[in-house]
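Below are the chains, spelled out letter by letter.
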Amino acid sequence: MKYVRKVVGLVIAVAFIASVIIGVGIIFSVKNVNISLQSYTYPEVEVMTEEEKQAADGEIEDFRQSLLSEYRGTLLGFVDVDELSAKFDDTNYILENIEKAYPCTLNLTLKERRESFCVRVGENSYNTYDSYGTLMREGVSREDSINNIDKAPNVAVSVENAADIKAIADMASAFSEEFSALRSVVESIGINEQTGHIVFKLHCGISIRISDFRTLTKAKMRAAHEKFISLAGEEKLSGTIVVTVRGSGDVVAERFEELT
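What counts as what
- Counting restarts for each chain: residues are numbered from 1 in the order of the written sequence.
- Per-residue local features are limited, in this predicted model, to residues with pLDDT of at least 70; the limit for side-chain atom pairs, both in listing and counting, is 80 or more; totals at the level of whole chains, interfaces and linings are taken over all residues.
- With hydrogens and water set aside, each side-chain value is computed from the structure's full complement of heavy atoms.
- Following DSSP output, two strands are said to pair if at least two bridges run between them.
- The way it works is that DSSP assigns letters per residue, a run of H or I at least four long becomes a helix, a run of E at least two long becomes a strand, and they are numbered from the N terminus.
- For helices, the fitted axis covers only the stretch in contact; all axes are lines through C-alpha atoms, and the angles between them, taken along N-to-C directions, range from 0 to 180 degrees.
- Whether two residues touch is decided by their heavy atoms; if any such pair falls within 4.5 Å, the residues are in contact.
- Seen with the strands pointing away from the viewer, any crossover whose path from the first strand over the helix to the second strand runs clockwise is right-handed.

With that settled, consider the sheet that holds strand β1 (residues 32-38). What the three strands build is an open sheet, ordered β1-β3-β2; its pairing is mixed. The sheet is open, and its two borders are formed by β1 and β2 (93-101), each paired with just one other strand. In this sheet, neighbouring strand axes are inclined to one another by 20° on average, regardless of whether the strands run parallel or antiparallel. Two elements, β1 and strand β3 (residues 105-112), share seven bridges in a ladder whose sense is parallel. Bridge pairing in β3 links glutamine 38 to lysine 111. Its contacts with the sheet put helix α2 (residues 50-71) on β1, β2 and β3, and the angle it makes with β1 is roughly 140°.

What follows is the structure in structure tokens.
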């Protein structure tokens with residue numbers, strides 16, 4: 001009789017534990033996905049036309065339904081951020097931020113890719129890349145390799161291999177942060193792996209050459225900017241600002257009319 005009681009007690013305990021696990025799974029599984037867009041295409045909500053609002057809402061809803069069909073019922077804690085980010089690789093957006101709002105909601109912020117660079121791959125054929133160095137379009141003409149948002153030319157990039165695009169994107173981001181602009185200021189960017197320097201050719205005529213650009217990046221870009229703004233108007237029309245590090249460790253930016 002005692003044995004029977006123990007078996008019954010064990011069965012009840014197992015059933016209770018199972019019900020708790022199932023209940024927890026139901027409570028903490030994905031049921032809602034909220035999405036906000038950081039878009040260059042759509043204006044701020046306050047000034048959106050009804051047509052633009054419908055287009056933005058439709059885009060959000062398409063993403064939301066797609067993700068719900070993929071993740072509904074998945075335990076919130078088991079949602080892998082890298083896997084989720086990869087879902088947007090073939091879209092015009094990247095996953096900028098993810099918040100797991102317990103018990104059952106994913107809050108996502110998507111940022112629209114900004115077309116920024118073009119690389120020549122043929123006689124009049126270019127591949128275009130976003131500001132993160134990710135390929136967006138292949139085999140377009142120079143006339144068509146412009147930013148779709150403001151119709152301004154993308155920055156022409158000269159690289160020896162595709163992997164350098166990421167390095168250029170990182171440096172361009174540092175440039176944009178320091179100079180508060182990129183495409184409106186920079187005509188082209190090139191990397192010379194043999195000498196280890198990167199060159200920004202500006203629309204105004206002058207170039208900026210940064211040696212060993214993968215180290216002390218922010219300090220070197222700051223020195224380049226400080227030198228640039230110190231120049232007289234005509235000095236910005238030609239020559240090269242060369243940024244190096246002295247033996248003392250000081251970052252130095254100097255302008256040369258001609259490099260030897």
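With that settled, the discussion passes to the pairing of strand β11 (residues 240-245). Two strands pair when backbone bridges link them, and strand β10 (residues 207-211) and β11 are joined in this way by four bridges, in the parallel orientation. Bridge assignment links arginine 209 to a residue of β11, and that residue is valine 242. Traced from β10 through helix α5 (residues 217-230) to β11, the parallel crossover comes out left-handed. Here six bridges tie β11 to strand β12 (residues 251-256), and the two strands are oriented antiparallel to one another. If you follow threonine 244 over to β12, its bridge partner there is valine 252.

Spatial strand order, β6-β5-β4-β7-β8-β9-β10-β11-β12: nine strands in an open sheet with mixed pairing. One side of each edge strand has no neighbouring strand; the edge strands of this open sheet are β6 (135-140) and β12. In this sheet, adjacent strand axes meet at a mean angle of 20° when their direction is disregarded. Two strands pair when backbone bridges link them, and strand β8 (residues 186-192) and strand β9 (residues 197-202) are joined in this way by six bridges, in the antiparallel orientation. Its bridge partner lying in β9, glycine 190 is registered against valine 199. Packed on one face of the sheet, α5 meets β9, β10, β11 and β12 and runs near 40° to β12.

Keep in mind that these numbers describe shape and distance, not what the molecule does.
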